[in-house]
Amino acid sequence: GIPGGVSDAVRAAQFFGAIVGVLMEDEIPQGLQLIANGLAHELILNGQKRVHYRVISSSFLRLIVGYLFLSSLFINVAQNSDVISIFYDVLALEFVENIDDTAYALAK
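Residues numbered from 1 in each chain as written. Predicted model: local features only at pLDDT ≥ 70, side-chain atom pairs only at ≥ 80, totals over all residues. Heavy atoms only, no water.

### Re the environment of Val10
Condition: Strands are runs of DSSP state E lasting at least 2 residues, helices are runs of H or I lasting at least 4, and numbering of each runs from the N terminus. Note on contacts: a residue pair is in contact if any heavy atoms of the two residues lie within 4.5 Å.
With respect to the secondary-structure elements, Val10 resides in helix α1 (residues 8-24). Placed 71 residues apart in sequence, Val10 and Ser81 show a C-alpha to C-alpha distance of 6.6 Å. Setting aside chain neighbours within four positions, we find Val10 in contact with Asn80, Ser81, Asp82, Val83 and Ile86.

### Considering the pattern of salt bridges
We count it as follows: Every case where a carboxyl oxygen of Asp or Glu lies within 4 Å of a side-chain nitrogen of Lys or Arg is listed as a salt bridge. The rule is simple: take the accessible area with a 1.4 Å probe, protein chains only, and divide by the maximum for that residue type; under 20% is buried, over 50% is exposed, in between is partly exposed.
Counted according to the given criterion, the structure contains 1 salt bridge. Between Glu27 and Arg62 there is a salt bridge whose closest N-O contact spans 3.0 Å. Taken together, the positions of Glu27 in helix α2 (residues 27-40) and Arg62 in helix α3 (residues 52-79) put the pair 35 residues apart, joining distant regions of the chain. Residue Glu27 is classed as buried on the basis of its relative accessible area of 1%.

### Quick notes on the packing of α1 against α3
The axes of two packed helices give the description: the angle between them and the distance between them. The line we're drawing: Axes here mean lines fitted to C-alpha atoms, for a helix over just the part in contact, with angles spanning 0 to 180 degrees between N-to-C directions. For classification purposes, an angle smaller than 35 degrees is called roughly parallel, one larger than 145 roughly antiparallel, one from 65 to 115 roughly perpendicular, and anything else oblique. In a left-handed crossing the near helix is turned counterclockwise from the far helix by less than a right angle, and in a right-handed crossing that turn is clockwise. Under the convention adopted here, Pro, Cys and the residues Ala, Val, Leu, Ile, Met, Phe, Trp and Tyr are nonpolar, Asp, Glu, Lys and Arg are charged, and Gly plus all remaining residues are polar.
One way to put it is that α1 packs onto α3 with a least axis distance of 9 Å and a crossing angle of 165°. It follows that α1 is roughly antiparallel to α3 by the angle criterion. The handedness of the crossing between α1 and α3 is right-handed. The residues of α3 that touch α1, namely those facing Gln14, Gly17, Ala18, Gly21 and Val22, are Phe69, Leu70, Leu73, Phe74, Val77 and Ala78. For the contact of α1 with α3, the residue count by class is 8 nonpolar, 3 polar and no charged.

Limitation: the analysis is restricted to geometry and does not speak to function.
Here's what the structure looks like:
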């Protein structure tokens, strides 16, 4: 559960950890942008096959990943009772969230 009786420094770290995590999260804006681009343009693969459903479904999966990141961020930040744990949890969550973007960039 949420720890009670923590110091003001821990409360401040929880607040700033949540703010930094929300600002660093980029899956939701990217997913919404991909959905908007997919609906606004004619997407054709090799000149023959429409790929709207692929773009939209992958964008919805990106949105789900973003919302799961935010929920796990808030749970971890709220449950920690010391400043260094909050810092490490926010850093680790951001690293795990960016693994797919790094793998995609390396696969290009």
